[in-house]
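What the coordinates show
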Amino acid sequence: DVKRLTRSAVYLPPVSYVEDGLVDPSLDAGKGKDNALSVQGFKHNPASAAHGGVIADGGVRRDATFSLAALRLLSAGNDPDKTLALRRYILGLSLVAFTSNAATYLRQGCNLVPSEKPREFNLVHSDGIREPQSLKPTDVLKFATAAAKAFGVGEGREVTFDSKLAQADIKGEGDTKQTRKKAAKKSPAATETPELSE
């Protein structure tokens, strides 16, 4: 249900450069993009049937997916309490971004605003069963704030980038040689499911 629109326009220079003797008439050769005067803005230049946007009669829909399965891959070494705090912290940040209102301005003349129809949130299980959920930004922010406090977010600080340490880490020669997969196998918290309740 999308209708394509076109628009036309004409560029008019401030003066008639060729007729007024301001530009050599010999340069006025060719048409459209082949005419140097048109390209540089010294001649009238029409633009016909250019793309003019669309009308979406069926509406515009935005879908977003947040994977709890990927969240379960996070671990804080072999410490189950720190792992759970980390997962809840990342969950809180993700849900805040997930439920926040996106910027509506896309470009000049194009603003998208939510319709009166409320947003739908579904919890999709691995077997395909869907459960409707109620996610309010205010509730999500409360959970995220509590999770951040429990996680222990430190003060922001400036650090100097060390290219030698970065290269060593890329080559696998850093202090943390244990991969996420190996850590997940050793961590008893790796199989736990993150909870939304505080």
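In what follows, the structure referred to is the one given above.
Thresholds applied
Residues numbered from 1 in each chain as written. Predicted model: local features only at pLDDT ≥ 70, side-chain atom pairs only at ≥ 80, totals over all residues. Heavy atoms only, no water. Pairing = 2+ DSSP bridges. Helix = DSSP H or I, 4+ residues; strand = E, 2+ residues; numbered from the N terminus. Buried < 20%, exposed > 50% of the residue type's maximum accessible area, 1.4 Å probe, protein only. Salt bridge = Lys/Arg side-chain N within 4 Å of Asp/Glu carboxyl O. Axes fitted to C-alpha atoms, helices over the stretch in contact; angles between N-to-C directions. Parallel < 35°, antiparallel > 145°, perpendicular 65-115°, else oblique. Left-handed = near helix turned anticlockwise from the far one by under 90°. Contact = heavy atoms within 4.5 Å. Nonpolar A, V, L, I, M, F, W, Y, C, P; charged D, E, K, R; others polar.

Below, the discussion takes up the pairing of strand β5 (residues 121-124). Alignment of β5 against strand β6 (residues 130-133), held across four bridges, turns out to be antiparallel. Its bridge partner lying in β6, V124 is registered against R130. Hairpin geometry of β5 and β6 is characterised by an intervening segment of five residues between the two adjacent antiparallel strands and by a positive phi of about 95° at G128.

So, on to unusual backbone geometry. If you check the backbone angles, A49 has positive phi at about 50° while not being a glycine. Tracing the chain through its elements places A49 in strand β2 (residues 45-56). Assessed through its relative accessible area of 56%, A49 is described here as exposed.

Inspection of the entire model under this criterion finds four salt bridges. Notably, a salt bridge pairs D63 with R61, separated by 2.9 Å at the nearest N-O pair. Judged on exposure class, the residue D63 and its partner R61 are both exposed. Between K117 and E120 there is a salt bridge whose closest N-O contact spans 4.0 Å. E120 matches K117 in its accessibility class, with the two residues each being exposed.

Where helix α3 (residues 80-99) contacts helix α4 (residues 137-151), the two axes come as close as 8 Å, and the packing angle between them is 150°. With respect to their mutual orientation, α3 and α4 come out roughly antiparallel. Seen along the crossing, α3 lies across α4 with a hand that is left-handed. Contact residues: A85, L86, R88, Y89, L91, G92, L93, L95, V96 and T99 in α3; P137, V140, L141, F143, A144, A147, A148, A150 and F151 in α4. The class makeup of the residues in the contact of α3 with α4 is 16 nonpolar, two polar and one charged.

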